[in-house]
Amino acid sequence: AQSVTQLGSHVSVSEGALVLLRCNYSSSVPPYLFWYVQYPNQGLQLLLKYTTGATLVKGINGFEAEFKKSETSFHLTKPSAHMSDAAEYFCAVSERTGNQFYFGTGTSLTVIP
Amino acid sequence: NAGVTQTPKFQVLKTGQSMTLQCAQDMNHEYMSWYRQDPGMGLRLIHYSVGAGITDQGEVPNGYNVSRSTTEDFPLRLLSAAPSQTSVYFCASSYSRASSGNTIYFGEGSWLTVV
């Protein structure tokens with residue numbers, strides 16, 4: 001089964017600083033890759049996804065992620081953190097064969113004013 | 001647009017009671033699923049369905065039952081609630097199965113406490 005690893009369950013950044021949230025997957029065949037955001041007491045919303053083509057993917061709210069096959073990674077970045085970015089972020093994958101989505105354990109982002 | 005609708009949002013159960021969490025989607029999605037979210041464990045798949053009449057188990061199916069009689073609805077049944085089932089439950093749907101690369105859309109969640 002696929003596994004998704006998010007390094008750092010809690011990340012704190014200052015307002016205006018770079019946000020970097022890490023995600024690695026285990027499959028030898030590149031899967032489809034997703035980042036979701038969860039605000040308190042809400043469901044998950046899609047930030048961005050990679051399926052094919054350009055490896056740098058831009059999403060909503062200024063976030064982007066780069067698929068690196070050689071590193072089996074799909075790290076999420078944002079150049080300048082806003083207070084409104086404070087939330088839980090989940091990396092997810094789905095395999096090119098199969099019926100399941102696999103989620104990481106999440107990274108809680110705190111933005112310090 | 002309604003999207004994925006879950007009810008109830010909050011529920012308190014006594015140990016041994018049964019209940020059903022309702023999930024409906026209005027996007028004509030083939031794929032529907034239930035996850036539970038627990039602190040430090042992310043989202044774990046309970047059951048999923050790739051179409052009406054077809055269901056399968058996920059990572060943590062014990063103590064839960066599902067059925068898919070229509071495309072729109074995918075209820076999750078707790079057969080005999082246990083404190084270990086205290087969790088936040090999310091229903092999610094996608095246009096087709098996970099191998100297609102389609103986005104999965106989530107409901108707002110159902111907070112369940114078993115005492």
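Computed from a predicted structure; not experimentally measured.

S.K.: Can you help me understand the overall build of chain B in this one?
M.R.: Across its full length, chain B carries zero helices and 11 strands. The helix and strand sequence of chain B, counted from the amino end, reads β-β-β-β-β-β-β-β-β-β-β. For 115 residues, the compact-globule estimate of 2.2 N^0.38 gives 13 Å, and chain B sits close to it at 13 Å. With the principal axes as the frame, chain B shows a C-alpha extent of 40 × 30 × 25 Å. Sorting the 115 residues of chain B into buried and exposed places 52% on the buried side. Pairs at least 24 apart in sequence give 53% of the contacts found in chain B among residues at least 6 apart. Total accessible area on chain B is roughly 5,100 Å²; 49% of this is exposed by carbon and sulfur atoms. If the 7 positive side-chain charges of chain B are averaged to one point and the 8 negative ones to another, these points end up 8 Å apart.

S.K.: Looking at this structure, how should I read the interface of chain B and chain A?
M.R.: Each side of the interface is counted separately: chain B has 26 residues, and chain A has 23 residues. Of the roughly 1,900 Å² buried between chain B and chain A, counting both surfaces, carbon and sulfur atoms make up 55%. Taken together, the links from chain B to chain A amount to zero salt bridges. Broken down by secondary-structure element, the contributors of at least two residues to the side of chain B that touches chain A are strand 4 (31–38), strand 5 (42–51), strand 9 (87–94) and strand 10 (104–106) of chain B. Here the side of chain B that touches chain A is built from residues that sort into 12 nonpolar, 11 polar and three charged.

S.K.: How should the environment of Gly109(B) be read in this particular structure?
M.R.: Residues and elements named next belong to chain B. Counting through the fold element by element, Gly-109 comes out in the loop between strand 10 and strand 11 (110–114). Gly-109 sits in the buried class, given a relative accessible area of 2%. Along the primary structure Gly-109 and Thr-5 are separated by 104 residues, whereas in three dimensions their C-alpha atoms are 8.8 Å apart. For Gly-109, the contacting residues outside a window of four places in its chain are Gln-6, Lys-9, Tyr-89 and Phe-90.

S.K.: Before we go on, may I ask you to explain the sheet that holds strand 3 (residues 19–25) of chain B in this structure?
M.R.: Through backbone hydrogen bonds, the strands of a sheet pair up, either in parallel or in antiparallel fashion. All names here are of chain B. Spatial strand order, 1-3-8-7: four strands in an open sheet with antiparallel pairing. For this open sheet the edge positions go to strand 1 (4–7) and strand 7 (64–66), each flanked by a neighbour on one side alone. Ignoring strand direction, the axes of neighbouring strands in this sheet form an average angle of 20°. Across three bridges, the pairing between strand 7 and strand 8 (residues 76–78) is antiparallel. Looking across to strand 8, one finds that Val-66 is bridged to Leu-76.

S.K.: How should the packing of aromatic side chains be read in this particular structure?
M.R.: Aromatic ring pairs: the centre-centre distance and the angle between the two ring planes describe each pair. Taken as a whole and judged by the stated rule, the model has 15 aromatic pairs over all chains. Relative to Phe106(B), the ring of Tyr36(A) has its centre 5.6 Å away and its plane inclined at 80°; by these criteria the two rings are edge-to-face. Taken together, the residues Tyr36(A) in strand 5 (residues 32–38) and Phe106(B) in strand 10 connect one chain to another. The class of Tyr36(A) is buried, set by a relative accessible area of 1%. Among the residues examined, Phe106(B) registers a relative accessible area of 9% and is labelled buried. Through pairs of rings, three or more aromatic residues link up here, namely Phe34(A), Tyr36(A), Phe101(A), Phe103(A), Tyr31(B), Tyr35(B), Tyr48(B), Phe90(B) and Phe106(B).

S.K.: Would you mind going over the pattern of salt bridges with me for this structure?
M.R.: Close approach of charged atoms allows side chains with opposite charge to pair. Residue and element names in this part refer to chain B. Following the criterion strictly, the structure yields four salt bridges over all chains and no others. Asp-38 is the salt-bridge partner of Arg-36, the closest N and O atoms lying 2.8 Å from each other. Arg-36 gets classed as buried once you look at its relative accessible area, which sits at 9%. Linking Arg-44 and Asp-38 is a salt bridge whose minimum nitrogen-to-oxygen distance equals 2.8 Å. Using a relative accessible area of 15% as the deciding quantity, one classes Arg-44 as buried. Put simply, Arg-36, Asp-38 and Arg-44 are held in one network by salt bridges that share partners.

S.K.: Whenever I open this one, the state of the cysteines confuses me. Can you help?
M.R.: Under the definition given, this model contains two disulfides over all chains. In this model, Cys23(A) is linked to Cys91(A) through a disulfide, with the two sulfur atoms separated by 1.9 Å. Taking the torsion about the S-S bond as the criterion, the Cys23(A) to Cys91(A) disulfide, at about -65°, is left-handed. On the criterion of sequence distance, the pair formed by Cys23(A) in the loop between strand 3 (19–21) and strand 4 (24–25) and Cys91(A) in strand 10 (residues 87–94) is long-range, its members being 68 residues apart. When its relative accessible area of 0% is taken as the criterion, Cys91(A) is described as buried. Disulfide pairing is shown between Cys23(B) and Cys91(B); the S-S distance is 1.8 Å. For the disulfide bridge between Cys23(B) and Cys91(B), the dihedral angle about the S-S bond is near -75°, and by the sign convention the bridge is left-handed.

Scoring rules and cut-offs
Residues numbered from 1 in each chain as written. Chains lettered and ligands numbered in written order. Predicted model: local features only at pLDDT ≥ 70, side-chain atom pairs only at ≥ 80, totals over all residues. Heavy atoms only, no water. Helix = DSSP H or I, 4+ residues; strand = E, 2+ residues; numbered from the N terminus. Rg over C-alpha atoms; globule rule 2.2 N^0.38 Å. Buried < 20%, exposed > 50% of the residue type's maximum accessible area, 1.4 Å probe, protein only. Contact = heavy atoms within 4.5 Å. Areas by Shrake-Rupley, 256 points an atom, 1.4 Å probe, with all protein chains shown as cover. Lys, Arg positive; Asp, Glu negative; His and termini not counted. Charge placed at Lys NZ, Arg CZ, Asp CG, Glu CD. Buried area = accessible area lost by both parts, 1.4 Å probe. Salt bridge = Lys/Arg side-chain N within 4 Å of Asp/Glu carboxyl O. Nonpolar A, V, L, I, M, F, W, Y, C, P; charged D, E, K, R; others polar. Pairing = 2+ DSSP bridges. Axes fitted to C-alpha atoms, helices over the stretch in contact; angles between N-to-C directions. Phe/Tyr/Trp six-rings, centres within 6.5 Å; stacked < 30°, edge-to-face > 60°. Disulfide = S-S within 2.5 Å.

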